[in-house]
Amino acid sequence: GDKVLEKGTIIGPAEVAVLAAVGASKIEVSIRPVLEIAATGSELVEPFQKPGVAKIRNSNSYQLLAQARRAGFDARYLGIAADSPEAIGSVIEESRERADILLLSGGVSMGEYDFVPEVLKKKGYRLLFEKVAIKPGKPTVFGVGGEGFVFGMPGNPVSTFVVFELFVKPFCYALMGGHYRPIRVKAPL
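Read on for a plain summary of the structure. (Residues numbered from 1 in each chain as written. Predicted model: local features only at pLDDT ≥ 70, side-chain atom pairs only at ≥ 80, totals over all residues. Heavy atoms only, no water.)

### Concerning the nonpolar core
In this structure, Leu35, Phe73, Leu103, Phe164 and Val168 are the most contacted members of the largest nonpolar core, which totals 20 residues. If you list the elements that add at least two residues to this core, you get strand S1 (34–40), helix H2 (60–70), strand S5 (101–105), strand S8 (148–153) and helix H5 (157–175). Counting residues per element, this core draws most heavily on H5, which supplies 5 residues. Setting aside its immediate chain neighbours within four residues, Phe164 contacts Leu35, Leu64, Gln67, Ala68, Phe73, Leu103, Met153, Lys169 and Pro170. The next biggest cluster of nonpolar side chains, apart from the first, holds 16 residues, and it includes Ala81, Ile88, Leu127 and Val141. (Core = buried A, V, L, I, M, F, W, Y, C linked by side-chain atoms within 4.5 Å. Buried < 20%, exposed > 50% of the residue type's maximum accessible area, 1.4 Å probe, protein only. Helix = DSSP H or I, 4+ residues; strand = E, 2+ residues; numbered from the N terminus. Contact = heavy atoms within 4.5 Å.)

### A word on the side chain of Thr40
Residue position: Thr40 is located in strand S1. Overall, the relative accessible area of 5% leaves Thr40 in the buried class. From its side chain, Thr40 meets the backbone nitrogen of Gly107 in a polar contact 3.4 Å long. Beyond its immediate chain neighbours, meaning those up to four positions away, Thr40 contacts Ala81, Asp83, Ile88, Leu104, Ser105, Gly106, Gly107 and Val116. (Polar contact = N/O pair within 3.5 Å; in protein donor to acceptor, adjacent residues only side chain to side chain.)

### Section: the pairing of S5
Looking down a regular strand, the side chains alternate between one sheet face and the other. Here S5 lies mainly inside the structure; 5 of its 5 residues are buried. Side chains of S5 alternate between two faces, with Ile101, Leu103 and Ser105 and Leu102 and Leu104 buried alike. Note: S1 against S5, 5 bridges, orientation parallel. From the neighbouring strand, Glu36 faces S5, where its bridge partner is Leu102. Pairing of S5 with S8, which is carried by 5 bridges, proceeds in the parallel orientation. Bridge pairing in S8 links Leu103 to Phe151. (Pairing = 2+ DSSP bridges.)

### Looking at the sheet that holds S1
Reading across from one edge, S4-S1-S5-S8-S7-S6 is the order of the 6 strands in this open sheet, with mixed pairing throughout. Edge positions in the sheet fall to strand S4 (74–81) and strand S6 (126–129), since each of these pairs with one other strand and no more. The mean angle between the axes of side-by-side strands here comes to 20 degrees, regardless of whether they run parallel or antiparallel. Two elements, strand S7 (residues 141–145) and S8, share 5 bridges in a ladder whose sense is antiparallel. Paired with Gly145 across the two strands is Gly148, which belongs to S8. Lying on the sheet, H2 is in contact with S1, S4, S5 and S8; it crosses S4 at an angle near 170 degrees. (Axes fitted to C-alpha atoms, helices over the stretch in contact; angles between N-to-C directions.)

### A word on the pattern of salt bridges
In this structure the tally under the stated criterion is 11 salt bridges. Salt-bridge contacts for Arg32 lead to Asp74; the nearest nitrogen and oxygen are separated by 3.5 Å. Of the two residues, Arg32 is situated in the loop between helix H1 (13–21) and S1 and Asp74 in strand S4; the sequence distance between them amounts to 42 residues. Here Asp74 falls in the partly exposed class, since its relative accessible area comes to 34%. Of the charged contacts, one joins Glu118 and Lys122 as a salt bridge, the two residues approaching to 3.5 Å between their closest N and O atoms. Note that Glu118 and Lys122 are positioned in helix H4 (residues 116–122) at a spacing of 4 residues, about one turn of the helix. Its relative accessible area of 35% is what places Glu118 among the partly exposed residues. Connected through salt bridges with shared partners, the residues Glu36, Arg76, Glu94 and Arg98 form a single ionic network. (Salt bridge = Lys/Arg side-chain N within 4 Å of Asp/Glu carboxyl O.)

### Here we look at the packing of H2 against H5
Contact geometry for H2 and H5: axes closest at 10 Å, N-to-C directions at 20 degrees. The angle between the axes of H2 and H5 places the two elements in the roughly parallel class. Crossing of H2 against H5: the hand is right-handed. Across the interface between the two elements, Asn60, Gln63, Leu64, Gln67, Ala68 and Arg70 from H2 touch Pro157, Thr160, Phe161, Phe164 and Glu165 from H5. (Parallel < 35°, antiparallel > 145°, perpendicular 65-115°, else oblique. Left-handed = near helix turned anticlockwise from the far one by under 90°.)

This is the structure we're talking about:
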């Protein structure tokens, strides 16, 4: 009759073993959120393409896919949206139909071609924040639209990595009713 796992526990290999040991072969779990990932930027090409003049390879989307899948979330790649309100709006609309959370990298700062916050507002998203007090990752955007959510992240790959770990991953676990507890390590600087 003892409780072996608390509600909200993330089920990993050790938890599966505990459940098996006590004969809990059927348990109630939450559905994992579906994430869709797109990069914004006319300067981007896919990793299998050779970048031309003033072009760079899209590393952020593949990094985010790997992070999401390592965390146990369903994630799909949508491609690259050019730096135009129309292209970005098209990706947002496409994702809205299928995903719980859209992750966009690039286009969130104050530059001439940074259209993401403006387009999200026009598409009916309510932006809860447009900046966070961290470095790297300051121009991060988070919005709610209908039943879906969106994170707009800076185009810098390190910023994108950090924002996923600090904001996206804990948010996804919270959507599932889970208690995300990152590993904390004390180390000398």
